[in-house]
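Chain and residue survey
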Amino acid sequence: MASSQLFIAISTVALIFLPSVLATDFFVGDGNGWRINFDYQAWAAGKEFRVGDKLVFKYPEGAHNVHKVDVAGFQNCAAPAGSQALVSGNDVITLSSPGKKWYICGVGKHCEVGNQKLVITVLPQVGTPASSPSPSPAPASAAAAGRTITSASLKFYGWMLSILGIFFFITIPMASSHFFFIVIVIVAITVPSVLATEFIVGDDSGWTNNFDYQAWADGKQFRVGDKLVFKYSEGAHTVHRVNGTGFQDCSVPASPEALTTGNDVITLSSPGRKWYICGVGRHCEVGKQKLAITVLPVEGAPASSPTPTSDADASLKFHVWMVPMVAALIGMLFS
């Protein structure tokens, strides 16, 4: 009896939590919302949109709207005749099918002049075979995502932890206290690697001249334990860690410790502002080869100052934690 009750309980937990783990809410533009004069393609770069995920367009009601269009409508900033605009100011679009999706603002010349438009590629759900060859997630998408642990990987770990929980409940129903410790060990071993993210600076472009690294960083959430990987041809560039003044002036410290391997990995070990520049020639001054980011504390750690609004990845990581922890709680209740 106890075994079947535990199985039903953990199955219920999985059914409740897994849909929220597998679906991601993307707030278009993050803190900037849906507005004119924002680079939405830079925002979308590196994100992995899948069937079942949601786009949330936030803006002051009456100031903008959202039209779903085709590629011609996107290029010409033309809303289809008779189309119904989304106008609530908190418009939620569920991505129900894979493929290219296009969205524009139909107010005034917001699309033509203000560049208020977004195009994304929606991938099938994790584990669902694509009906046609989809954009290769690796190496192109992995590099484009700027990280080796993608949202798909995160979702996979959520599934795996839940399946392991069910397995242990079935195989050792008489030792639920033992199960509790097993779950904690699994979480302790697995979750740190899930929560650490590896960002490939510049994605496919790597570390180079004449690339907008601030646009690349915009919308990404860097946390303590994550890694930055600077990729470039050895000898062509360097990476210097500098302070705010060195960043603004493109000046290398008096005793510089340049990274020069062409595959330089920096682990973000503390929260706060971080600055990086190339010290070769005038690559920083003229080529704008520099990067500034804000590193947030590890999730769950107290922050010394208010942190920016959490994005979809933070929500996803929270649910990945929650699934095994709720399973462990049920184990204690039934022990």
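Residues numbered from 1 in each chain as written. Predicted model: local features only at pLDDT ≥ 70, side-chain atom pairs only at ≥ 80, totals over all residues. Heavy atoms only, no water.

**What about the overall build of the chain?**
When helices and strands are tallied, the chain shows nine helices and 14 strands. The buried share of the chain, taken over its 335 residues, is 44%. As presented, the chain carries roughly 16,400 Å² of accessible surface, and 60% of it is formed by carbon and sulfur atoms. (Helix = DSSP H or I, 4+ residues; strand = E, 2+ residues; numbered from the N terminus. Buried < 20%, exposed > 50% of the residue type's maximum accessible area, 1.4 Å probe, protein only. Areas by Shrake-Rupley, 256 points an atom, 1.4 Å probe, with all protein chains shown as cover.)

**Some words on the sheet that holds strand β12 (residues 263–267)**
Picture the strands of a sheet paired through backbone hydrogen bonds; they go either parallel or antiparallel. Read across the sheet, three strands follow the order β8-β10-β12 without closing on themselves; strand pairing throughout is mixed. Each edge of the open sheet is held by one strand with a lone partner, namely β8 (198–200) and β12. Strand after strand, the sheet turns through a mean of 20° between neighbouring axes, direction not considered. Bridge count between strand β10 (residues 227–231) and β12: five bridges; the pairing is antiparallel. Its bridge partner being in β12, Phe230 is matched across the sheet by Asp264. (Pairing = 2+ DSSP bridges. Axes fitted to C-alpha atoms, helices over the stretch in contact; angles between N-to-C directions.)

**Quick notes on the confidence of the model for the chain**
Averaged over every residue, the pLDDT of the chain is 76; residues scoring 70 or more account for 61%. Here residues 130–152 scores under 50 on pLDDT; set against residues more than four positions off or in separate chains, the count is 40 contacts. A low-confidence stretch, residues 302–315 stays under pLDDT 50, and its non-local contacts, those more than four residues away or across chains, total 19 contacts. (pLDDT = per-residue confidence, 0-100. Contact = heavy atoms within 4.5 Å.)

**Here's the deal with the sheet that holds strand β4 (residues 67–69)**
With mixed pairing, four strands are arranged side by side in an open sheet as β2-β7-β6-β4. Edge positions in the sheet fall to β2 (49–50) and β4, since each of these pairs with one other strand and no more. Two strands pair when backbone bridges link them, and β4 and strand β6 (residues 99–104) are joined in this way by three bridges, in the antiparallel orientation. In the strand pairing of β6, Lys68 is matched with Tyr103.

**Focus: the state of the cysteines**
Within this structure, the stated rule accounts for two disulfides. With a sulfur-sulfur separation of 2.1 Å, Cys77 is cross-linked through a disulfide to Cys111. An S-S torsion of about -70° defines the bridge between Cys77 and Cys111 as left-handed. Taken together, the positions of Cys77 in the loop between α3 (71–76) and β5 (90–94) and Cys111 in the loop between β6 and β7 (117–123) put the pair 34 residues apart, joining distant regions of the chain. With relative accessibility at 1%, the residue Cys111 sits in the buried group. The residue that forms a disulfide with Cys250 is Cys284, at a sulfur-sulfur distance of 2.1 Å. Across the S-S bond of Cys250 and Cys284 the torsion is about -70°, and the bridge reads as left-handed. Residue Cys250 is located in the loop between α8 (244–249) and β12, and its partner Cys284 is located in the loop between β13 (272–277) and β14 (290–296); the two are separated by 34 residues in the primary sequence. Residue class for Cys284 comes out buried when judged on its relative accessible area of 1%. (Disulfide = S-S within 2.5 Å.)

**Some points on the side chain of Lys117**
Along the chain, Lys117 falls in strand β7. For Lys117, the side chain forms a polar contact with the main-chain oxygen of Phe74, separated by 3.4 Å. Once residues within four sequence positions are removed from consideration, Lys117 is found in contact with Trp34, Tyr40, Gln41, Phe74, Gln75, Cys77, Tyr103, Ile104 and Cys111. (Polar contact = N/O pair within 3.5 Å; in protein donor to acceptor, adjacent residues only side chain to side chain.)

**Some thoughts on the nonpolar core**
Counting residues in hydrophobic clusters, the biggest one holds 20 residues, and the most contacted among them are Trp34, Leu55, Phe57 and Leu118. For this core, the secondary structure elements donating two or more residues are α2 (40–44), β3 (54–58) and β7. Excluding residues within four positions of it along the chain, Phe57 makes contact with Val28, Trp34, Val66, Gly89, Asn90, Asp91, Ile93, Tyr103 and Leu118. Listed in part, the 18 residues of the second largest apolar core include Leu228, Cys278, Ile293 and Val295. (Core = buried A, V, L, I, M, F, W, Y, C linked by side-chain atoms within 4.5 Å.)

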